[in-house]
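Letter by letter, the chains look like this.
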Amino acid sequence: MEIEDVSGIWAEEGEASSVFAELKFCCLELLQFVQNPSLNASVDLSRLVDLLRACPEDLLQHLFEYVLFPLLLLLDAAVESRASPKADSNGKDDVRSPLMPHRVSDVIAETGLHCLEELLKKCSLVSLSQMTILLKKLTYGAMLPPSDASEEFREGVIRCFRALLLSLHPCDDKSCTCNQSSNSPMLLDCELQVPSARNSVVRYQSNECRIAFLQSQSASVAVGHWLSLLLNAADSEAARGHRGSAKIRVEAFLSLRVLIAKVGAADALGFFLPGVVSQFAKVLHTSRLMSSGAAGSTEASDHAIRGLAEFLMTVLSDDANTSEYHASVGGMTNFRSDESGTADSFLQNLRIMDSKHRNQKESIASESNTETVSNCTSKPFFEEKNSGISGTRALLHVNRTPEWLEKTSMQVNKLLLATFPNMCIHQGKRLRQAVLASIQGLLVRCTYTLKGSRSMFLECLYVLACDDTEEVSMPAQAFLEFFLSSKMQYSLVEDIVGILDRLIEKLPKVVLGSDESLAVAHSRQLLAAMYYSGPQLVNNNLLKSPIKAARLLETFAVCLSPESGFTGSLDKLVCLRPRSSGYLHSITELNSGWTETSTGNAALNLVVHDFPREQTAAKEVEHQTKFSYKDYELPRMPPWFVKVGSFDLYQGLSGVVRLVGLSLIADSRTDVSLSNVVEVPLGHLRKLVSEIRMKEYHDERWQQWYSRTGFGQLLRQASTAVCILNEMIYGMSDHTAVDFANMFNRSNTRQDDGDIPCAKSNSHWQLYHQRGAMDQMIECIDIILLEYTSEVWELPVEHKLSSVQLDAEDISKHFFCDVIIEGIGIFAKCLQKDFASRFLRISLYLLLENLICSNYEVRHAADTVLQIISSVSGYPKVGHLIVENADYIIDSFSRQLRHLDLNPHIPNVLAAMLSYVGVAHKILPLLEEPMRTVSLELEILGRHRHPELTMAFLKAVAEIVKAAKYEAALLPAQAESYRQQIDAKLVDLRNNVKDEELDIDFALDSAFHETQSISASESGIDINEWENIVYNLNDRKRYRHIVASLASSALTCVVPLLASQKEAECLIALDITADAVMTLAEVENAYKLEKEVKAAVYQVATLCSFFHLRDTLDSAEQGSDENRLLPAVNKIWPFLVASVRNRNPVTVRRCLPVISHVVGVSGGDFFSRRFKVDGPHFWKLLTTSPFTRRPNSRDGEIRLQLPYRSGMTSQEDSISEGSSLKVQAAMLNMIGDISREKRTARALEAVLKKVSGLVVGIACSGVSGLRDASTNALLGLATMDPDLVWLLAADVYYSMTKEEVRPSLSHLPELVEILPRAKSPKEYLFVQYGGQTYGFDIDFSSVESIFKRLNTLEFCSETHH
């Protein structure tokens, strides 16, 4: 087209003229530069790029040749300047220095390629000759090695080639072979900028379809050459390592995919299949090994995978090879159901699966036309003399015979088998999506030609269906459900069975290997394969035969078993997993208190003294106020599996085992017995039980039994068997069916899109809800629990093996107990309320026993399962569960407490139940019988028989007394409330009397009812109401008596231990004593109030002639509760004194506050004489400074050693100064507490001068550690006798200051006349009263401080009075 013609066409439009003028200027400038680059070293082509981008397509199409010509000249010049040097006529090389600049600079050459790319994007080629010329020149540019051309230049050449291909469009002739090719790659995941056909503007030459030419034999050399160039370009960048360009690889593979799509004919590409596929396999193998650089580019690998699949879909498609497989094509019509349409339309739908609103691509024709191209008579490609390719016509064609197809399919299968399975577990999500799209396309287009690869494709789909990302798993699940539809599944049964057998056979080797990711993928692959196979196929092929079922379960036993070679310690193994510091949920309930009381009063916040670790952990989670068993995930990964694999691996393996259990219930037509399958793993557990029974029969020692039986192997097998049983039973629950439905039916959430073909939800795994299946499961659980609660718990948990044995046996013992306990929780979750009605009593006591296990894992598992059982049974807390079953639990405790030789752990279990659960106050009446047994065991003979159980019994008694104290604290308030109710009824009685002449107050007098009475009809009294009052009163009396009896029994059994030399026993005994004394005091207060109620009811009953009510009141008297406290305190006192005399700093410091507490509860009058008699044992603690030792005048005296004493009494020299200082501070605090209250101060009246002298001496000494305590004691004593204390302090102060003190009133004598000044320290008044002390020297500053404070106190007291 001439320039004048173009300007004439567009002369009417000014805008077109201006655009043409600018293009003309740029093109002329470019032509000048190409003709003589030295005259104009640089040319600005950025203006031309912008102009081409802004120019309208129609206008640019008419100027296509005008703009193309200078750009091609520039491309020739750039390629020529970068080409490798050639030899001249003399045989010498034209050597050019590497530093010599190119004739056309990189910037100009690269910008020129940008201009050419923009031109090809907007314009279509007019003739076939234009395409051949462009291909030839771009070929020269693509052949430049990386050493001669820059990365940007080589990338620009490839982009121009892709733009050239995208500008090709099918012709209007429907019979032309161009219609069998697609306009874009079939598996394209992004939009390409494809120019639209402009047939109205562009005049094509006759019989010149460019796409048909590419498909012809004339262009086979060019197509093959470009396939090679693009693959080599990508490979060379990968070979350059980190210097390679990932962009070039991406552009090369994307252009290759466009070329395959444009050619789109099996005849045209079949010859190149071996080389292309092998090169793709090489690229993918390199990408799998490299994670960085050009070879590790995820985008490039994505295009490579899709390009390989598109090439195979084109060459080996079933449609293109129909004649060779005509006999087997009948199955294809069944496969392509009506709702999915053709294979191409299905691929088109898959392409838009993740984007609902993406515009649907142009549909592809479904039938292939295999006729050869006859209407393309163009010249052979590259026949020009300088083309670089041989001028002879090369016919690169292959006859696709059945033999060729079979051989080619086998080779392709080998290459795909080495590539696709590894790419399915690649870390890059984009690569996994590419593999999924490729498998979808190959299975749809090449179902029968690649029949040998179908199993491999299914295995890859199984892996992708369990992918962690929904973008991969959802399309994979949708395609699997479609592909394995009912019409296609029958032809795939053989393949699926083979896949299951191979996966199961390979599983142990993969799990025990070193590649963790491969093991996880393999387990998930097997899980998906079994799920999509359905329960019927699983039962018929894996479980129906007893041999196959045993082989399957033994395979999983190998995969799940503990590692037999592990020789580390338990602490080392447990530290591999993060865990809490010993937190148990029951401790949280205990820390928050029991708020659901019958009276609505605030509950007491109990403190667990003996479990500080759990108490601390409970404080960290005080914000958790509500618990649900969903907070604990059961089943959990067994503890030993941290040395075998990760949590993801266990999830895959356990999922398969659960599917095995689910298949036995989900298939209603199966004849596989659940009990027969369960017997396989149960045999290992029974073998261990049998060996333990044989040990008991032969009366062997544990060490001998270990050596004889191979304990470690037996225990590992049994542990694994228990884990498999737990997972199988859990698989039969509703939880598993829901979990698998959520996992594998996620694709159903997008069925509303309408464009996505997918099958309906896989309903084969729905539970078969019939009572027969539930009864079968309950029967199996009954059999399993019978073994779980058998002799396996007799294994000694704390057994220490000899040095020649491994520690793995000890580890396995703890793990074995852990999985058994978790199994009980799993059964509870499966059966829900049926578990509580059938198996609760079998397992509840076992769980309570393991709350005291020394191993944290076992203890935590027991607490977890208790929470689960309480939740599924309908109880909000474990405490409610224990209360509802308290009769059974306490009866078991009482029965086993009578045989401590056989059940030495029972005291610890009782203490754990009462302390961990915190419901002792709710079952207090049931604890009387256990308390009697415990009291007997804490006597001298009982402690002698079982000395190791003393601490356990003391802990149990401490919990019982705490509960009694809690209940006793509520009794007075309840009695007072009840008394007020009775008083209100008496007021009503006065108002309802009919006889006005009768004085009701006189009638209620005790003297009146002996002679007269009031009938019930006259008074309007309801006898039923008063009967209920009497019965309620008697119930309160009985309950009060139980509380008092428990406290008295506790005091009786622990009081002798107050004098124990063992610190732990003495400390617990002191705590029990303090709580029991408070309990007795509250009981007496409640008794006094109930006595008033009884008197009022008795009078009313006598007045109304309700004699049977009087008899009922009299019969309820079971003992005297009004005088329990003082006799108990009288019994306690000598042992408290003995505890002080032992001089153990720890016990003395705890004993002194207990004494203060006992005095405060009982009153000071009772202790006045006792402090006078036994006071020297207390005052002795204050006579010597901790930093100065008093000389012992009886060093040679040998003290009497009693036979039941474990050692000599501790000497004073063994006590540190700090301990002595704390003891004296505790003694001073006791004095201050007792003297401050008027009710308790009477205890010190007989020894007031002695105590005051000691305290004043210590206060004046200035010992910093005793300053606060002595001041506190001195102020307390000043409340009893302020004059005495002031005189003792004033004597020291004025003796040291020599100050004359004059009385404020003239008639009073002077102080010196009353109290002469001391001439020596021994003459101080406090020394004469308190006695000589050692080490407490007088400090004037302390004396001055104490005296001024006492003066202030005395002045305030006088002012107040």
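Moving on, we come to the nonpolar core. Here is a general trend for soluble globular proteins: nonpolar side chains tend to be buried in one another's company. Membership of the largest hydrophobic core comes to 382 residues, with the highest contact counts inside it found for F420, I1155 and F1171. Ignoring sequence-local partners within four residues, the contact set of I1155 consists of W1133, L1136, V1140, F1171, F1178 and M1230. Counting residues in hydrophobic clusters, the runner-up holds 12 residues, among them L986, L989, L1033 and V1093.

Moving on, we get to helix α13 (residues 273-289). When the terminal C-alpha atoms of α13 are compared, their 24 Å separation across 17 residues agrees well with the 24 Å that a helix rising 1.5 Å per residue should span. When α13 is considered as a whole, its buried residues turn out to be L273, V276, V277, Q279, F280, A281, V283, L284 and S287.

Turning to unusual backbone geometry, a few remarks are in order. For Q832, which is not glycine, the phi torsion reads 55 degrees and is therefore positive. Of note, Q832 is situated in the loop between α35 (808-831) and α36 (833-838).

Under the defined criterion, the tally for this structure stands at 39 salt bridges. Residues R1236 and D1233 are paired through a salt bridge, measuring 3.8 Å at the closest nitrogen-oxygen approach. Of the two residues, R1236 and D1233 are both situated in helix α53 (residues 1217-1236); the distance of 3 residues between them amounts to about one turn of the helix. Residue classification places R1236 among the partly exposed positions, given a relative accessible area of 36%. Salt bridges sharing partners connect three or more residues here, namely E117, K121, R159, R162 and E251.

To continue, consider the packing of helix α5 (residues 64-82) against helix α7 (residues 128-142). Packing of α5 against α7 brings their axes to within 10 Å, and their N-to-C directions diverge by 25 degrees. Our classification of the angle between α5 and α7 gives roughly parallel. The interaxial crossing formed by α5 with α7 has left-handed handedness. In this structure, α5 uses F64, E65, L68, L72, L75, D76 and V79 to contact α7, whose residues at the interface are Q130, I133, L134, K137, L138, Y140 and G141.

Moving on to the packing of aromatic side chains. The tally for this structure, following the rule as stated, stands at 30 aromatic pairs. Grouping aromatic residues by their ring pairs yields a cluster made of W1133, F1166, F1167, F1171, F1178 and W1179. Here the guanidinium or amino end of R1170 rests over the ring plane of F1166, the centre of that ring lying 3.9 Å away.

Conventions and cut-offs
Residues numbered from 1 in each chain as written. Predicted model: local features only at pLDDT ≥ 70, side-chain atom pairs only at ≥ 80, totals over all residues. Heavy atoms only, no water. Core = buried A, V, L, I, M, F, W, Y, C linked by side-chain atoms within 4.5 Å. Buried < 20%, exposed > 50% of the residue type's maximum accessible area, 1.4 Å probe, protein only. Contact = heavy atoms within 4.5 Å. Helix = DSSP H or I, 4+ residues; strand = E, 2+ residues; numbered from the N terminus. Expected span 1.5 Å × (residues − 1). Salt bridge = Lys/Arg side-chain N within 4 Å of Asp/Glu carboxyl O. Axes fitted to C-alpha atoms, helices over the stretch in contact; angles between N-to-C directions. Parallel < 35°, antiparallel > 145°, perpendicular 65-115°, else oblique. Left-handed = near helix turned anticlockwise from the far one by under 90°. Phe/Tyr/Trp six-rings, centres within 6.5 Å; stacked < 30°, edge-to-face > 60°. Lys NZ or Arg CZ within 6 Å of the ring centre and 35° of its normal.

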